[in-house]
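# Structural characterization, general
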Amino acid sequence: MKIYEKAPAKINLMLDVLHKREDGYHEVEMIMTMVDLADRLEMSTLPRDTIIISSQAGYIPLDEKNLAFQAARLIKDRYNVSKGVYIHLDKNIPVAAGLAGGSSDAAATLRGLNRLWELDIPIEELKALGAELGSDVPFCVTGGTALATGRGEKLTPLPNPPQCWVVLAKLPINVSTAEVYGRLRSSRITHHPSANTMIEAIESGSFSSVCEGLGNVLEDVTLQLHPEVAHLKEAMLKLGADGVLMSGSGPTVFGLVSKESKVSRIYNGLRGFCKEVYAVRLLTRG
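Let us look at the structure shown here. Keep in mind it's a predicted model, so treat the numbers as computed, not measured. (Residues numbered from 1 in each chain as written. Predicted model: local features only at pLDDT ≥ 70, side-chain atom pairs only at ≥ 80, totals over all residues. Heavy atoms only, no water.)

Looking now at the overall build of the protein chain. The number of helices and strands found in the protein chain is 10 helices and 11 strands. Rg of the C-alpha trace for the protein chain: 19 Å, near the compact-globule value of 19 Å for 286 residues, within the 12% margin. For the protein chain, the proportion of its 286 residues judged to be buried stands at 56%. Restricting to contacts in the protein chain with at least 6 residues of sequence separation, those with at least 24 account for 75%. With the model as given, the accessible surface of the protein chain reaches about 12,700 Å², and the carbon-plus-sulfur share is 48%. (Helix = DSSP H or I, 4+ residues; strand = E, 2+ residues; numbered from the N terminus. Rg over C-alpha atoms; globule rule 2.2 N^0.38 Å. Buried < 20%, exposed > 50% of the residue type's maximum accessible area, 1.4 Å probe, protein only. Contact = heavy atoms within 4.5 Å. Areas by Shrake-Rupley, 256 points an atom, 1.4 Å probe, with all protein chains shown as cover.)

As structure tokens, this is what we get:
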């Protein structure tokens, strides 16, 4: 028996950091949604007690450094599963890109093994397991669009944003989320994007208001480390994107585009100096 799971990428429509907590994490306020760029996982049971991961991508770890591996080990240990699993990971989401690719793979592994081994773990319990693996994993377990607070694990579902195209571009640099948060000084943040403003824009279905409400306080840190990310943002705006923002800790920049006629111009213009460019749709939930 084989189980298949899709692991979509996420983008942050807004990301604010309120303060550093006593546990070392930062208190955040984020609105996240998913796009139709996804990894795909195929899982099958092995008779022996082992976890094996394979991938067509030669640049990702296939051992305990991989979040999908960690998810499989967590669910096996927590529910005393003596069987093993073989996971093939078809990797499409860029790594270290601010798109939660690893977190989404972990979430897909939790969902898939819950089905494969017929564990009947409730969704809230799966999200709690996900929180042990990373702050973005609980959101990736359920997907959709949500307000995330705490360190990212407290989720409030939101309606679908207005449908649009999303052009994603990742420069050939990797950004460490830990380094970006380590350099952030929340007391020095001069402009905080508003979660309430973005929620109102989503609930009203106003695409222009969503674009106006985009904001990410991590941009200042990442742009200081990598000024080329600022150039990428400028290029995307000049090519005609309606709203542009860095996702997560970067370096991926996304542009929201209402008209399909603009998409190919933006895509082709960015391909001139950026190899990893994707034109996708927002993923909406029925």
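Our focus in this paragraph is the state of the cysteines. Applying the stated criterion across every chain yields a total of 0 disulfides. Cys140 takes part in no disulfide bond, and the closest cysteine sulfur to it belongs to Cys164, at a distance of 19 Å. The class for Cys140 is buried, based on a relative accessible area of 2%. Cys211 provides the cysteine sulfur closest to Cys164, a residue in no disulfide bond, and the two sulfurs are 7.0 Å apart. Given a relative accessible area of 2%, Cys164 falls into the buried group. (Disulfide = S-S within 2.5 Å.)

Contact geometry for helix α1 (residues 67–78) and helix α2 (residues 101–116): axes closest at 8 Å, N-to-C directions at 35°. Relative to α2, α1 is oriented so that their crossing is right-handed. In contact with Leu67, Ala68, Ala71, Ala72 and Ile75 of α1, α2 contributes Gly102, Ser103, Asp105, Ala106, Thr109, Leu110, Leu113 and Asn114. A breakdown of the residues in the contact of α1 with α2 according to their chemical character gives 8 nonpolar, 4 polar and 1 charged. (Axes fitted to C-alpha atoms, helices over the stretch in contact; angles between N-to-C directions. Left-handed = near helix turned anticlockwise from the far one by under 90°. Nonpolar A, V, L, I, M, F, W, Y, C, P; charged D, E, K, R; others polar.)

This part is about the sheet that holds strand β11 (residues 276–281). One key point about sheets: their strands pair by backbone hydrogen bonds, in either a parallel or an antiparallel sense. Taking strand neighbours across the sheet as the criterion, the 4 strands line up as β9-β10-β7-β11 in an open arrangement whose pairing is antiparallel. Edge strands, defined here as strands with exactly one partner in the open sheet, are β9 (243–246) and β11. For this sheet, the mean inter-axis angle between neighbouring strands, taken without regard to orientation, is 20°. The sheet contacts of helix α9 (residues 227–238) involve β7 (165–170), β9 and β10 (253–257), and relative to β10 the element is tilted by about 15°. (Pairing = 2+ DSSP bridges.)

With 69 residues, the main nonpolar core has Val17, Val85, Leu110, Leu113, Leu218, Met236 and Leu270 as its most contacted residues. Dropping the residues within four chain positions of it, Leu113 is found in contact with Met43, Ala72, Ile75, Val85, Glu118 and Leu119. Of all hydrophobic cores here, the second largest spans 29 residues; its members include Leu13, Ile31, Leu37 and Val210. (Core = buried A, V, L, I, M, F, W, Y, C linked by side-chain atoms within 4.5 Å.)

Right, let's talk about the side chain of Ser103 for a bit. Tracing the sequence through the fold places Ser103 in helix α2. Under the relative-accessibility criterion, Ser103 is labelled buried at 11%. Excluding residues within four positions of it along the chain, Ser103 makes contact with Leu67, Asp136, Val137 and Cys140.

This next bit is on the pairing of strand β4 (residues 84–90). Sheet topology note: the strand β2 (residues 26–46)/β4 ladder contains 7 bridges and is antiparallel. Paired with Ser44 across the bridge in β4 is Tyr86. Bridge count between strand β3 (residues 51–55) and β4: 5 bridges; the pairing is parallel. Considered in β4, the bridge of Ser55 is made with Leu89. Following the backbone out of β3, through α1 and into the adjacent parallel β4, one traces a crossover that is left-handed. (Right-handed = clockwise from strand over helix to strand, strands pointing away.)

On the secondary structure map, Ser249 appears in the loop between β9 and β10. A distance of 2.8 Å separates a polar atom in the side chain of Ser249 from a polar atom in the side chain of Thr177. Once residues within four sequence positions are removed from consideration, Ser249 is found in contact with Gly98, Val175, Thr177, Val180, Leu218 and Thr222. (Polar contact = N/O pair within 3.5 Å; in protein donor to acceptor, adjacent residues only side chain to side chain.)

Turning to the layout of surface pockets, a few remarks are in order. Within this model, the largest pocket holds a volume of roughly 940 Å³. Taken together, the elements giving at least two residues each to the lining of the largest pocket come down to β1 (2–20), β2, α2 and α5 (177–183). At 4 residues, the largest contribution of residues to the lining of the largest pocket is made by α2. Of the residues in the lining of the largest pocket, the class split is 19 nonpolar, 14 polar and 6 charged. Each pocket or cavity is described by its volume, and for the second largest pocket that value is around 400 Å³. Lining the second largest pocket are 19 residues, and of these Leu184, Ile189, Val217, Asp220 and Val221 lie nearest its centre. Of all the elements in the fold, those that place two or more residues in the lining of the second largest pocket are β8 (215–216) and α8 (219–225). (1 Å grid on protein atoms, 1.4 Å probe; cavity = no way out; pocket = protein on both sides within 12 Å on 5 of 7 lines; lining within 4 Å. Points joined across faces, edges and corners; volume = space filled by probe spheres on them.)

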